[in-house]
Amino acid sequence: MADVSANDFDRLFDDAMAALRPLAGQPDPHADSAPGAEQGAADGGAEPTGPVRGVGEALDGYVRVTAKPGGELETVELNPRVLRSDSESIAEAFREAANAALADLQAKLTSALPALADQQQMLERLQEFQQQSVMQMRRYLQAITDVQDRLDRD
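Thresholds, definitions, all that
- Residues numbered from 1 in each chain as written.
- Predicted model: local features only at pLDDT ≥ 70, side-chain atom pairs only at ≥ 80, totals over all residues.
- Heavy atoms only, no water.
- Helix = DSSP H or I, 4+ residues; strand = E, 2+ residues; numbered from the N terminus.
- Buried < 20%, exposed > 50% of the residue type's maximum accessible area, 1.4 Å probe, protein only.
- Contact = heavy atoms within 4.5 Å.
- Areas by Shrake-Rupley, 256 points an atom, 1.4 Å probe, with all protein chains shown as cover.
- Salt bridge = Lys/Arg side-chain N within 4 Å of Asp/Glu carboxyl O.
- Pairing = 2+ DSSP bridges.
- Axes fitted to C-alpha atoms, helices over the stretch in contact; angles between N-to-C directions.
- Core = buried A, V, L, I, M, F, W, Y, C linked by side-chain atoms within 4.5 Å.
- Patch = residues over 30% accessible without salt bridge, like charges linked within 9 Å, V, L, I, M, F, W, Y side chains within 5 Å.

A. Geometry of the overall build of the protein. Helix and strand counts for the protein stand at 3 helices and 3 strands. Taken from N to C terminus, the helices and strands of the protein fall in the order α-β-β-β-α-α. Within the protein, the proportion of its 154 residues that are buried is 20%. Across the protein, the fraction of contacts at a sequence separation of at least 24, relative to all contacts at a separation of at least 6, is 53%. Of the roughly 10900 Å² of accessible surface on the protein, 52% is carried by carbon and sulfur atoms.

Following this line, the structure appears as structure tokens:
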């Protein structure tokens, strides 16, 4: 196992955080400083840096649901015209829109993961760095203990 520098730790954890942020629905805090960060996928730029959300609609857009990671519904929007429908139609439209939002969210998360990193490789590297950091911490603690022992003897 090769020695790991502080820069290696920093880079690995930055990569891990970048891979995990979309899953947690957190924006990249460094995205504002990146050139072209405001460009979205629609204009051929980078992927949007905001939280990943899934959107589903039913009844010609009169019922709109937004889902966030974790399977929670974030918003439910009803056009007042939907109230002209019977309760069974509204319930069915809500179910349809919610399922579509969750499917959209799942598709977005699935498509984002391969582009972010190979999760198994990242996990193996994190475990390797964890083992190295534990060994380094033991060496540091032993060095501190040795110095304290010498000070106590003097």
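B. Seen up close, the pattern of salt bridges. One pass over the structure, following the stated rule, counts 5 salt bridges. A salt bridge links Arg 64 to Glu 57; the shortest N-O distance between them is 2.7 Å. Relative accessible area serves as the criterion here: at 29%, Arg 64 is assigned to the partly exposed category. Among the salt bridges present, the one from Lys 68 reaches Glu 72, with a minimum N-O distance of 3.8 Å.

C. Here's a closer look at the sheet that holds strand E3 (residues 72-78). One open sheet accounts for 3 strands, arranged E1-E2-E3; its pairing is antiparallel. At either margin of the open sheet sits one strand with a lone partner, and together these are strand E1 (54-58) and E3. Neighbour to neighbour, the strand axes of the sheet diverge by 20° on average, direction disregarded. The sheet contact formed by E1 and strand E2 (residues 63-68) spans 5 bridges and is antiparallel. Looking across to E2, one finds that Gly 56 is bridged to Val 65.

D. Structural context of unusual backbone geometry. A positive phi angle, close to 50°, is found at Leu 59, a residue other than glycine. Tracing the chain through its elements places Leu 59 in the loop between E1 and E2. The residue Asp 60 is not glycine, and still its phi comes out positive at about 55°. Mapped onto the fold, Asp 60 is located in the loop between E1 and E2.

E. Region of the structure containing the side chain of Thr 66. With respect to the secondary-structure elements, Thr 66 resides in strand E2. Thr 66 gets classed as buried once you look at its relative accessible area, which sits at 10%. Setting aside residues no more than four positions away along its own chain, Thr 66 makes contact with Arg 53, Gly 54, Val 55, Glu 72, Leu 73, Glu 74 and Thr 75.

F. Looking closely at the nonpolar core. Residues Val 52, Ala 58, Val 63, Val 65, Ala 67, Val 82, Ala 93, Ala 97, Ala 98, Ala 101, Leu 105 and Leu 109 constitute the largest nonpolar core, which totals 12 residues. Elements with a minimum of two residues in this core: E2 and helix H2 (87-116). Counting residues per element, this core draws most heavily on H2, which supplies 6 residues. For Ala 93, the residues in contact, after removing those within four places along its chain, are Ala 58, Leu 59 and Val 63.

G. How the structure looks around a nonpolar patch on the surface. On the surface, Leu 73, Val 76, Leu 78, Phe 94 and Leu 102 cluster together to form a nonpolar patch covering roughly 380 Å² of accessible area. Sorting the residues of the nonpolar patch by element identifies E3 and H2 as the ones contributing at least two each. Of the residues forming the nonpolar patch, the biggest block, 3 residues, is contributed by E3. With respect to the helices and strands, the residue Leu 78 is situated in strand E3. Among the residues examined, Leu 78 registers a relative accessible area of 46% and is labelled partly exposed.

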